[in-house]
Structure formats: C-alpha cells, structure tokens
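Analysis of the macromolecular model
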Amino acid sequence: VSTVIYYKAVVSTQSTGMFVKWVKDPDQDDTTFQKMIAVIASCEMSVDKLSVVKKMNELEAHNYAKLHAEIEKEISAGKVRIEKYQKQLAQAKQIKSNKQQYNSIAKIISQYPSREETTSSIAELESEIEALRGKKSRLEERVTKQKRQFEVLVYSIQQLQCELTDEPVTNPMDVDS
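Nothing here was measured: the structure is a model prediction, and the numbers come from that model. (Residues numbered from 1 in each chain as written. Predicted model: local features only at pLDDT ≥ 70, side-chain atom pairs only at ≥ 80, totals over all residues. Heavy atoms only, no water.)

Moving on: the overall build of the protein. The secondary structure content of the protein amounts to 3 helices and 0 strands. Going from N to C terminus, the protein has its helices and strands arranged as α-α-α. Scored against the burial criterion, the 177 residues of the protein give a buried share of 6%. Roughly 15,900 Å² of accessible area belongs to the protein as shown, and the carbon and sulfur atoms make up 60% of that amount. (Helix = DSSP H or I, 4+ residues; strand = E, 2+ residues; numbered from the N terminus. Buried < 20%, exposed > 50% of the residue type's maximum accessible area, 1.4 Å probe, protein only. Areas by Shrake-Rupley, 256 points an atom, 1.4 Å probe, with all protein chains shown as cover.)

Structure, rendered in structure tokens:
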C-alpha cells in the first residue's frame, strides 16, 4: 500500500511537470504528449490492476469465510462423532468386563457337576435312603420280634423256675434285663 502511494506521488509529480511543459508549448514536440499519454495509460493500468487485486482479495476473503464455516461444521461433526465413539468405547469396555466376569463365574461353575449329574446323584441317594429306611424298619421289626421272643423265653424260664421252686410268676413286662 505504501509503495502504491509513493508511486502515485511520483507519477503525479512527473505528470504535472509534463503537463505544464506541454501546456506552455503544445507545438513543441509530440514526445512530451506521448510521454504524458504513456504515464496516464500506466496509471490507468495500475488502477485496473489494483481493482482486479481488490476483487481477488474480496473473493479470497469470501472463499476463506466459506472454508472457515465448512471447517467449523466438520469440527462440530467431529465432536459429535467423538462423543458417539466414546459412548461405543464405554459400551465395549462394559461388554468386555461382563465377558470377563462371565468367564470367571463359568470357570468356577465348571468345577461343579452338571445339573443332570447332580439330579442323578440326588435320585440315587434318595433311593439309597429309601432302601435304608426299609432296611431300618425291617431291622426294627426284627429287634421287636426278638425282644418279644426274649421276653417269652424269660417268662418261660421264670415259669419253669417257679414250677421247680413253687413260687408265683412275675409279669414278663417287668423283666428288662
């Protein structure tokens, strides 16, 4: 910008000098007139160049503004994607944690027999318990029967002793020896 101002000042001074020279003596030489037209053409060309540069700068500023807006949109879209991916990452971490817990629980569970095996062994134990109850009741009946027989035997012995000694017979239920 300062170069342009300096150039305008120089051109203005030169053109003013040439213009004064040409006005004083218009018939003198056509070279002064040609120089003055060349300077004016040069100034017009500079103005045109500056106008084009100005338009280009305005266009570039507009393009940069559009680019800035697009970049801002992409940044906000990127932030949204980042938040989405962070949520997905948190979900993936939770799933991984759940899988690890599942695997550790499955490892502990695998140490124990399956439901079918447990049910089968329970059924076997229940049938064994039933068989033992039956055996117990049979043994209790046998013990009761043997106890009665023993009581009868004791009574018979007592009766025999009484007959031999002529003593009265005691109740067999009193004998618990």
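What follows concerns the confidence of the model for the protein. On average, residues of the protein score 84 in pLDDT, and 79% of them are at 70 or above. Across the protein, the element-wise mean pLDDT spans from 61 in helix 1 (residues 2–24) up to 93 in helix 3 (residues 115–165). (pLDDT = per-residue confidence, 0-100.)

Another point: helix 3. Count 3.6 residues to each turn of an α-helix, and residues three or four apart come out pointing the same way. Here helix 3 spans 72 Å end to end across 51 residues, near enough to the 75 Å set by a 1.5 Å rise per residue. Within the span of helix 3, buried status applies to Glu151, Val154, Gln158 and Cys162. (Expected span 1.5 Å × (residues − 1).)

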